[in-house]
Amino acid sequence: MHGRLKVRTTEEEQIRKKKEQEIKTKAYKLGMSKIFKKRQMNELDMELYELTSKILSSNPDITTLWNIRRDCILHLIAKKKENRALYDKDLSFTEQCLRVNPKSYGAWHHRCWVLDTMQNPDWKKEIAICTQYLKIDERNFHCWDYRRFVVDRAGVSAEKEFEFCTEKIETNFSNYSSWHYRSKLLPKLFPHPTDPSRPISEEKLKEELVLVLNAAFTEPNDSSAWFYQRWLLGYSQEEFDIAVFKMTKDHILIAFSQAIDLNACGYFHDTNFETILNQRRWAPGTEGAKYDTIWTLRHNADVSNTADFELEYVTEAGKSCKMHICRTIGSLVGIKIPKFGYEFQTAVLDVLKNQLSDCNELLELEPESKWTLLTSALLMRAINRTDKEYHQKCLDILQKLQTIDSLRAGYYKDLASKWNIEMQLEKWIRGGNLGNCLNLSKLNLTTIYYAQYLSVVEDINLAGNQLTDRNLAKLGALKSCTKINLSDNKITSLETFPKLPALKEILLKGNEISVEEEAEFQGRLNADDESEAK
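Student: Could you clarify how one ought to interpret the overall build of the chain in this entry?
Tutor: Looking only at helices and strands, one finds 17 helices and 12 strands in the chain. Looking at the chain as a whole, 48% of its 534 residues qualify as buried. Taken as a whole, the chain presents about 28500 Å² of accessible surface, with 50% of it coming from carbon and sulfur. Averaged over its 75 positive side-chain charges, the chain has a centre that lies 7 Å from the centre of its 77 negative ones.

This is how it looks when you write it as structure tokens:
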């Protein structure tokens, strides 16, 4: 038996590991105790600095220690007990920490701080370090973020970074970070010549669509290129704008496409009611909210003889948005059709149609390719969003995806709800008579989108959908609604139903609400009507 290495039994190994862990834990607690004691005594000396090194070198994710370390560095430099060498030492130390954990938020953040604090950092060296790290792990988004920071400080041109980005994508199509970086560089290099809300020119868009589809078809099950294509097709956050305006003899309602603080520094300009609108006493649609999409204001100005006018709002940042306000019986109203997507020129539409054809060919070979299915639906909407045939095909695809990709069935149901609401909402707004009922019945809605645009609806039909208790809060946007039909949904309780000032009638037949609760709710509604009448 001599000369043979003894192999520990499982029990012996567990005991050994437990003892090692106990020793490490004891040392960690002792080190942390000493660090906090010295910090409390304001002893920001070299000993404290080295103590943080011992712990961070094995666990670089303790944010508090990085903060203490920065305090030490600033103190030592200010007292002239250390010089630039301390910064260089910390740059080397962060590299050591990143070898332990290449995705340590604390280590990357500290490295940025060191470079921004020291004098004359070597930015070229930092770019080389980024390139080195991205060779090891080209999808390390921490390093991509750091690279953008370094490139900005070093003054590297967007053209060079675009080349680097393209190289990384060609090496590996499944590089989310590189696709994302590309989307940030393109608007700088190829801006749209006439429409600032569009990220890139139509000519460059055609090239990018070809590139991204080649990448997607190379590996249809990889999602990175498909996500980038969504960005190209315009599926991003709507631009800030006035969505809705309604003014009656005693109150004003205004809604925006994005949430803002209307009582902040923005202002209304060149309107008949400029003084009233700029009084800074707006109430948010959601009680207690600082930022909201819907705002209301009480007033007592005469609106009976007011002609149509142009409403302009200028944000705190100086961005201007306008809306034409029209006179109706008893009120002044304006509403815009939400921007559901880009409208492409013929050349791009031809590319999109070819890509839809390619998707259909791929689906003949792989009929259950979820990304190809979803993309074909997105392409149809980009080509002609209002086409009824395309719309139904898109809904059929989402229905199929609920089976193929069952873990994300809820997402596909919500997306179908979004597309259905877009179709009906645009039809309703284009109809011109906002006093008519907005019919959103029997659309299998699982949620409500574009709630701020519904704030001027007076009669809404939501019957025959799949709305549940969790959707009730969104009905708080219906500030002007006098009648709501919620029959035949999946509502079990009215506990979270919002208080709506104009509501006079609600239909709840076919839900799972108890008779007692419904009767109590209707009683409160009637009581509110009587109180208002008095």
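Further notes follow.
Student: Teacher, can you tell me more about the packing of helix α7 (residues 141-154) against helix α8 (residues 158-171) here?
Tutor: Two elements in contact, α7 and α8, have axes separated by 13 Å at closest approach and are oriented at 160 degrees. In terms of their interaxial angle, α7 and α8 are classed as roughly antiparallel. Between α7 and α8 lies a crossing whose hand is right-handed. Counting all contacts with α7, which are made through Trp144, Arg147 and Val151, the residues of α8 involved are Glu161, Phe164 and Lys168. Looking at side-chain class alone, the contact of α7 with α8 contains 3 nonpolar, no polar and 3 charged residues.

Student: Even after reading the chapter, I still don't get the nonpolar core, so can you show me in this structure?
Tutor: Side chains of a nonpolar character, in soluble globular proteins, are inclined to be buried together. Counting residues in each nonpolar core, the largest one holds 87 residues, and the members touching the most others are Leu65, Tyr146, Leu209, Phe344, Leu352 and Leu398. The leading source of residues in this core is helix α14 (residues 370-383), at 9 residues. When residues no more than four places from it in sequence are discounted, the contact partners of Leu65 are Met32, Ile35, Thr52, Ile55 and Leu56.

Student: Explanation requested: α8 in the structure shown.
Tutor: Structurally, the α-helix is built with 3.6 residues per turn, so residues lying three or four positions apart point the same way. For α8, built from 14 residues, the straight-helix expectation of 20 Å at 1.5 Å per residue is met to within 8% by its first-to-last C-alpha distance of 20 Å. Buried within α8 we find Glu161, Phe162, Phe164, Cys165, Thr166, Lys168 and Ile169.

Student: Before we go on, may I ask you to explain the sheet that holds strand β1 (residues 242-247) in this structure?
Tutor: Pairing between sheet strands relies on hydrogen bonds along the backbone, with the strands arranged either parallel or antiparallel. The sheet built from 8 strands is open, its strands ordered β3-β6-β7-β8-β1-β2-β5-β4 with antiparallel pairing. The sheet terminates laterally at β3 (267-269) and β4 (283-284), the two strands that pair on one side only. Examined bridge by bridge, strand β7 (residues 320-328) and strand β8 (residues 331-335) share 3 bridges and lie antiparallel to one another. The partner of Thr328 across the bridge, within β8, is Ser331.

Student: Help me understand the environment of Ile252, please; the structure alone is not making it clear to me.
Tutor: Here Ile252 is to be found in strand β2 (residues 251-260). Along the chain, Ile252 and Arg524 lie 272 residues apart, while their C-alpha atoms are 26 Å from each other. If sequence neighbours within four positions are ignored, Ile252 has contacts with Phe245, Lys246, Met247, Ile276, Leu277, Trp282, Trp295, Thr296, Leu297 and His299.

Student: Hey, could you run me through the pattern of salt bridges in this one?
Tutor: For side chains of opposite charge, pairing can occur when their charged atoms come near one another. This structure, assessed with the given rule, holds 31 salt bridges. The salt bridge partner of Arg111 is Glu126, with a shortest N-O separation of 2.9 Å. A residue pair is termed long-range when its members are at least 10 positions apart, and Arg111 in helix α5 (residues 105-117) and Glu126 in helix α6 (residues 123-136) qualify at 15 residues. Comparing Arg111 with Glu126, the two get one shared label, buried. Here the residues in one salt-bridge network are Lys34, Lys38, Glu43, Asp45 and Glu47, joined through shared partners.

Student: Quick question: what am I supposed to make of unusual backbone geometry here?
Tutor: Both trends apply: most residues other than glycine have a negative phi, and most peptide bonds are in trans. Positive phi, close to 60 degrees, is recorded for Arg280, a residue that is not glycine. One can find Arg280 in the loop between α12 (274-277) and β4. Take Arg280: its relative accessible area is 37%, and that puts it in the partly exposed class. Although it is not a glycine, Asp488 sits at a positive phi angle of roughly 55 degrees.

Student: Which parts of the structure should I look at to understand the packing of aromatic side chains?
Tutor: What describes a pair of aromatic rings is the distance from one ring centre to the other and the angle between the planes of the rings. Under the counting rule described, the total for this entry stands at 22 aromatic pairs. Taking 6.1 Å as the distance between ring centres and 65 degrees as the angle between the ring planes, the aromatic pair formed by Phe162 and Phe190 counts as edge-to-face. Residue Phe162 is found in helix α8, and its partner Phe190 is found in the loop between α9 (176-189) and α10 (202-218); the two are separated by 28 residues along the sequence. Here the aromatic rings of Phe268 and Trp282 are separated by 6.0 Å at their centres, their planes lie at 35 degrees, and the arrangement is tilted. Note that Phe268 is positioned in strand β3 and Trp282 in the loop between α12 and β4, a separation of 14 residues in sequence. For the pair Phe268 and Trp282, one class covers both residues: buried. Here Arg198 stacks its cationic end above the ring of Tyr342, 4.8 Å away from the centre of that ring.

Student: Help me understand the side chain of Thr248, please; the structure alone is not making it clear to me.
Tutor: Here Thr248 is to be found in the loop between β1 and β2. Thr248 has contacts with His299, Val303, Gly330 and Ser331, leaving out every residue within four places of it along the chain.

Student: Where do I start with the environment of Glu11 in this structure?
Tutor: Relative to the helices and strands, Glu11 resides in helix α1 (residues 10-40). Overall, Glu11 belongs to the exposed group, its relative accessible area being 58%.

Student: Explain the sheet that holds strand β12 (residues 505-507) here, please?
Tutor: Strands sit in the order β9-β10-β11-β12 across an open sheet of 4 strands; the sheet is parallel. Of all strands in the sheet, those with a lone pairing partner are β9 (438-439) and β12, marking the two edges. Direction of pairing for strand β11 (residues 483-485) relative to β12: parallel, over a ladder of 3 bridges. Residue pairing in the sheet places Asn485 in a bridge with Leu507 of β12.

Student: Please clarify how the pairing of strand β5 (residues 292-298) should be interpreted in this entry.
Tutor: Among the 7 residues in β5, 5 count as buried, and that is most of the element. Where β2 meets β5, 6 bridges bridge the pair, whose relative direction is antiparallel. Directly across from Ile260, in β5, lies its bridge partner Asp292. Taken together, the 2 bridges between β4 and β5 define a ladder with antiparallel strand orientation. Residue pairing in the sheet places Ala283 in a bridge with Thr296 of β5.

Student: Please clarify how the pairing of β2 should be interpreted in this entry.
Tutor: Each regular strand displays side chains that alternate between the two surfaces of the sheet. Within β2, 7 of the 10 residues are buried, leaving the element largely enclosed by the surrounding structure. As paired strands, β1 and β2 are joined by 5 bridges and run antiparallel to one another. In the strand pairing of β2, Ile242 is matched with Phe256. Here β1 folds back onto β2 in antiparallel fashion, the turn holding 3 residues.

Conventions and cut-offs
Residues numbered from 1 in each chain as written. Predicted model: local features only at pLDDT ≥ 70, side-chain atom pairs only at ≥ 80, totals over all residues. Heavy atoms only, no water. Helix = DSSP H or I, 4+ residues; strand = E, 2+ residues; numbered from the N terminus. Buried < 20%, exposed > 50% of the residue type's maximum accessible area, 1.4 Å probe, protein only. Areas by Shrake-Rupley, 256 points an atom, 1.4 Å probe, with all protein chains shown as cover. Lys, Arg positive; Asp, Glu negative; His and termini not counted. Charge placed at Lys NZ, Arg CZ, Asp CG, Glu CD. Axes fitted to C-alpha atoms, helices over the stretch in contact; angles between N-to-C directions. Parallel < 35°, antiparallel > 145°, perpendicular 65-115°, else oblique. Left-handed = near helix turned anticlockwise from the far one by under 90°. Contact = heavy atoms within 4.5 Å. Nonpolar A, V, L, I, M, F, W, Y, C, P; charged D, E, K, R; others polar. Core = buried A, V, L, I, M, F, W, Y, C linked by side-chain atoms within 4.5 Å. Expected span 1.5 Å × (residues − 1). Pairing = 2+ DSSP bridges. Salt bridge = Lys/Arg side-chain N within 4 Å of Asp/Glu carboxyl O. Phe/Tyr/Trp six-rings, centres within 6.5 Å; stacked < 30°, edge-to-face > 60°. Lys NZ or Arg CZ within 6 Å of the ring centre and 35° of its normal.

By themselves these figures say nothing about function.
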